[in-house]
Amino acid sequence: MTTTRDLDGAEAGGQFVRTALALSVLRGEPIRIENVRGNRSTPGLGHQHLAALETMVELTDASVTGAELGAETVRFDPTGSSDGAGGETNETDPTVPGGTYEVDIGTAGSITLLFDAVVPLATVLESPLTLTVTGGTDVKWSPPVDYFRHVKLPLLRRYGLVAACEVDRRGFYPDGGGRATLRLAPSRLEPIDLTERGPLEGVRLYSTEAAALADRDVAHRQAAGGLERLSIVDSDGGRDSSADADSEHADGTTITEHRETTVASDCPGTAIVLRIDHGTGVAGFAALGERGTPAERVGENAADAANRFLAGDAPVDRHLADQLLPFLAVSGGRLRVPALTEHVEASCALLESFGFAVAIDERSRADGDDRDGEGVVSIAPEQSVDASE
Ligand SMILES: Nc1ncnc2c1ncn2[C@@H]1O[C@H](COP(=O)(O)OP(=O)(O)OP(=O)(O)O)[C@@H](O)[C@H]1O
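Model, not experiment: these values are computed from the prediction.

Asker: I tried to follow the side chain of Gln-48 on my own but got confused; where do I start?
Answerer: Take Gln-48: it is sitting in helix 2 (residues 47–60). For Gln-48, the residues in contact, after removing those within four places along its chain, are Arg-18, Ile-105, Gly-109, Ser-110 and Leu-113.

Asker: What am I meant to see in unusual backbone geometry here?
Answerer: One can expect most non-glycine residues to show negative phi and most peptide bonds to be in trans. At the junction of Tyr-173 and Pro-174, the peptide bond is cis and its omega measures out at 5° in the coordinates. Within the secondary structure layout, Pro-174 lies in the loop between strand 7 (162–169) and strand 8 (178–185). Positive phi, close to 50°, is recorded for Arg-37, a residue that is not glycine. Among the structural elements, Arg-37 can be located in the loop between strand 2 (31–34) and helix 2. Overall, the relative accessible area of 11% leaves Arg-37 in the buried class. Even without glycine at this site, Asp-217 takes up a positive phi of about 60°. Along the chain, Asp-217 falls in the loop between strand 10 (202–210) and helix 5 (218–229). Overall, Asp-217 belongs to the partly exposed group, its relative accessible area being 41%.

Asker: I would appreciate a short explanation of the pairing of strand 16 (residues 333–337) in the present structure.
Answerer: Working note: regular strand, side chains alternate between the two faces of the sheet. Counting buried positions along strand 16 yields four of five residues, so the element is predominantly enclosed. Pairing of strand 9 (residues 192–194) with strand 16, which is carried by three bridges, proceeds in the parallel orientation. Along strand 16, the bridge assignment pairs Ile-192 with Gly-333. The sheet contact formed by strand 16 and strand 18 (residues 375–380) spans five bridges and is antiparallel. When the sheet's bridge partners are listed, Val-337 is paired in strand 18 with Gly-375.

Basis of the calculations
- Residues numbered from 1 in each chain as written.
- Predicted model: local features only at pLDDT ≥ 70, side-chain atom pairs only at ≥ 80, totals over all residues.
- Heavy atoms only, no water.
- Helix = DSSP H or I, 4+ residues; strand = E, 2+ residues; numbered from the N terminus.
- Contact = heavy atoms within 4.5 Å.
- Buried < 20%, exposed > 50% of the residue type's maximum accessible area, 1.4 Å probe, protein only.
- Pairing = 2+ DSSP bridges.

Just distances and angles here, no functional claims.
What follows is the structure, given as structure tokens:
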């Protein structure tokens, strides 16, 4: 018999909700979340979080209470059989049937964050799942869709995830109106062991402009700014000062893909994603266009983040670091994270609340270095213990 797992989101934001819902499904455990998005200035469920909750309810035929805007307490039971009062349910192997679904977030709420909640369900699917979502494809504080499909999914595919993402229309802030489809098939994930960075293999660049901005050549200028600023570490530890598209560098680093795309969308917007491949893992760095910021500067912002990554030795970027943790829990493994960010720490604490054996080996920092510390997160799912026992 499984009892409801009580979770406290007082120290976290929306990611806590999404990951908790996914783990609830994967473990076949009802959850009650108190203090939803407790450390945000507008606590409770926002549009995007509510859309994720409602989608998870639909995909899993769960029972739910608190599925409304602003709700600070949510109860979600993917076993569908308990009474909402902390009752007990029969323990069975959790499965999700699959099928075809459409969701409209209704704002420029992030499509990729909704996808983030759903992707782990691939490991318990009975048959393929197709999920088409309308909302924002490239909005602040979330993975741009090119990061999702060209960075996150390719890395997870190496570990056995069967997934693809197609984009019909882009959705920028404030109108949204983007449309993308996630396709998942039943997947079995290999353990993730990503503690070393392999040799640099190449750089991929995805630069995008809404059709309304095409006459200003924005995608090209973003790409040019990014490539001009990108430093490539060579084998002697020195640096090339710039990288040109479609060329091979003295150190052997190649621009393996270079896409400048004009896209359909309801409102103007631009995005750039740089992907670094380095043998063991991948890392992605994104920037969004903003009124008043020159296109070249947008590219430079993405390259600056990539250069900071290249100066370290973690195999993934700081965003993938937190986004991989649910998969680490599913399959077990070890991950060197470039920074023990608030998101990484909140996710580790959540995984521990679910009974996963999480160990964080924090790298010591020099005195006066107040950056988020690097660390290695290890998770042993087979040894998970039931915290409610
Ligand atoms: N530029 C980026 N590239 C890739 N991933 C990103 C980027 N910016 C943010 N993310 C990821 O988006 C997620 C944001 O989660 P977070 O909980 O902060 O947002 P949220 O769901 O909008 O909720 P809240 O409104 O409570 O902050 C994290 O996984 C973070 O790593």
